[in-house]
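Spelled out, the chains give:
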Amino acid sequence: MRQHGVMTTISLVQGDITEQQADAIVNAANSSLLGGGGVDGAIHRRGGPEILAACRDLRASHYGKGLGVGQAVATTAGRLPARWVIHTVGPVWSAEEDRSGLLASCYRESLRVADELGASSVAFPAVSTGVYGWPLDDGARIALETVRRADTAVTDVRFVLFDETAYAVFAALH
Ligand code: AR6
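Thresholds, definitions, all that
Residues numbered from 1 in each chain as written. Predicted model: local features only at pLDDT ≥ 70, side-chain atom pairs only at ≥ 80, totals over all residues. Heavy atoms only, no water. Buried < 20%, exposed > 50% of the residue type's maximum accessible area, 1.4 Å probe, protein only. Helix = DSSP H or I, 4+ residues; strand = E, 2+ residues; numbered from the N terminus. Pairing = 2+ DSSP bridges. Polar contact = N/O pair within 3.5 Å; in protein donor to acceptor, adjacent residues only side chain to side chain. Near = heavy atom within 4 Å. Areas by Shrake-Rupley, 256 points an atom, 1.4 Å probe, with all protein chains shown as cover. 1 Å grid on protein atoms, 1.4 Å probe; cavity = no way out; pocket = protein on both sides within 12 Å on 5 of 7 lines; lining within 4 Å. Sits in = over half its atoms within 2 Å of the grid points. Points joined across faces, edges and corners; volume = space filled by probe spheres on them. Nonpolar A, V, L, I, M, F, W, Y, C, P; charged D, E, K, R; others polar. Salt bridge = Lys/Arg side-chain N within 4 Å of Asp/Glu carboxyl O.

A few words now on the pairing of strand S2 (residues 24-29). Counting buried positions along S2 gives five out of six residues, so the element sits mostly inside the fold. When S2 meets strand S4 (residues 84-89), the two strands line up parallel, connected through six bridges. In the sheet register, alanine 29 faces S4, and the bridge partner there is valine 89. Examined bridge by bridge, S2 and strand S5 (residues 121-124) share two bridges and lie parallel to one another. Opposite isoleucine 25, over in S5, you have alanine 123 as the bridge partner.

See below:
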């Protein structure tokens, strides 16, 4: 067991998360774990069928009903440069209900899984800010605050923002 409380460096990158050289990259998945669009689609497309096979095994073993919102679980990264993909399920944005605790949980749980794996570098996308409709500035604030407060042995956390706008929003809060 490594000592937590180490310094975590948080950096921002503009680009495609599937190209990241990190121990683990995080997937903004859905509960089925069986793929979708956005980051999820890109990860499965570029990582190859090994990732989907591992996801199917997880569904058959521990996650018969799917992975819950705010939870995280790891698989192989297949052909991607990373060693592992950590799949997490963000909440769908709601104007009526405050689901920010669930979004924060995605980041915390992903780092907990990374610690279990012994990963020291982790790349995150802006979970829930695409198909799931979360406003980018609020999603960025939750992401940065949660990682800053996390008790983790991960030393390198990177937020990989797909476009210039997302990068600028994170940069303004960093
Ligand atoms: N690298 C980095 N960021 C990306 C990439 C990429 N290759 N592609 C998109 N983004 P989304 P969600 C950004 O929709 O909102 C899927 O169908 C994107 O611009 O991928 O959590 C799943 O199966 C946005 O800022 O994830 C679920 O059903 C952010 O990544 C659902 O979408 C997240 O967008 C999850 O929706």
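Next comes the rest of the write-up.
Next up on the list: the side chain of threonine 152. Tracing the sequence through the fold places threonine 152 in the loop between helix H4 (136-149) and strand S6 (156-161). A polar contact of 3.0 Å, which involves the side chain of threonine 152, links it to the side chain of aspartate 115.

The ligand sits among 22 residues. The nearest are Asn30, Gly37, Val39, Asp40 and Thr129. Backbone polar atom of valine 131 to an oxygen atom of the ligand: 2.8 Å apart, as the coordinates give it. Against a free-state accessible area of 700 Å², the protein chains account for coverage of 89% of the ligand. In this structure the site holding the ligand corresponds to the largest pocket.

Next up on the list: the layout of surface pockets. When its volume is computed, the largest pocket comes out at roughly 630 Å³. Lining of the largest pocket is provided by 30 residues; of these, Ala28, Gly38, Val39, Ala126 and Gly130 occupy positions nearest its centre. Among the elements of the structure, S2, helix H1 (38-47) and S6 are those that each provide at least two residues to the lining of the largest pocket. Across the lining of the largest pocket, the residue classes break down as 15 nonpolar, 11 polar and four charged.

This next bit is on the pattern of salt bridges. Overall, the coordinates contain eight salt bridges when judged by the stated rule. Where arginine 46 meets glutamate 19, a salt bridge forms, and the shortest distance between an N and an O atom there is 3.2 Å. With arginine 46 in helix H1 and glutamate 19 in the loop between strand S1 (9-14) and S2, this pair connects stretches of sequence that are 27 residues apart. On the basis of relative accessible area, arginine 46 is assigned to the partly exposed category, the value being 42%. Exposure remark for glutamate 19: the relative accessible area of 48% places this residue in the partly exposed category. Between glutamate 116 and arginine 112 there is a salt bridge, with its nearest N and O atoms 2.6 Å apart. In this pair, glutamate 116 and arginine 112 both sit in helix H3 (residues 100-117), four residues apart, roughly one turn of the helix. The class for glutamate 116 is exposed, based on a relative accessible area of 59%. Put simply, Asp16, Glu19 and Arg46 are held in one network by salt bridges that share partners.

By themselves these figures say nothing about function.
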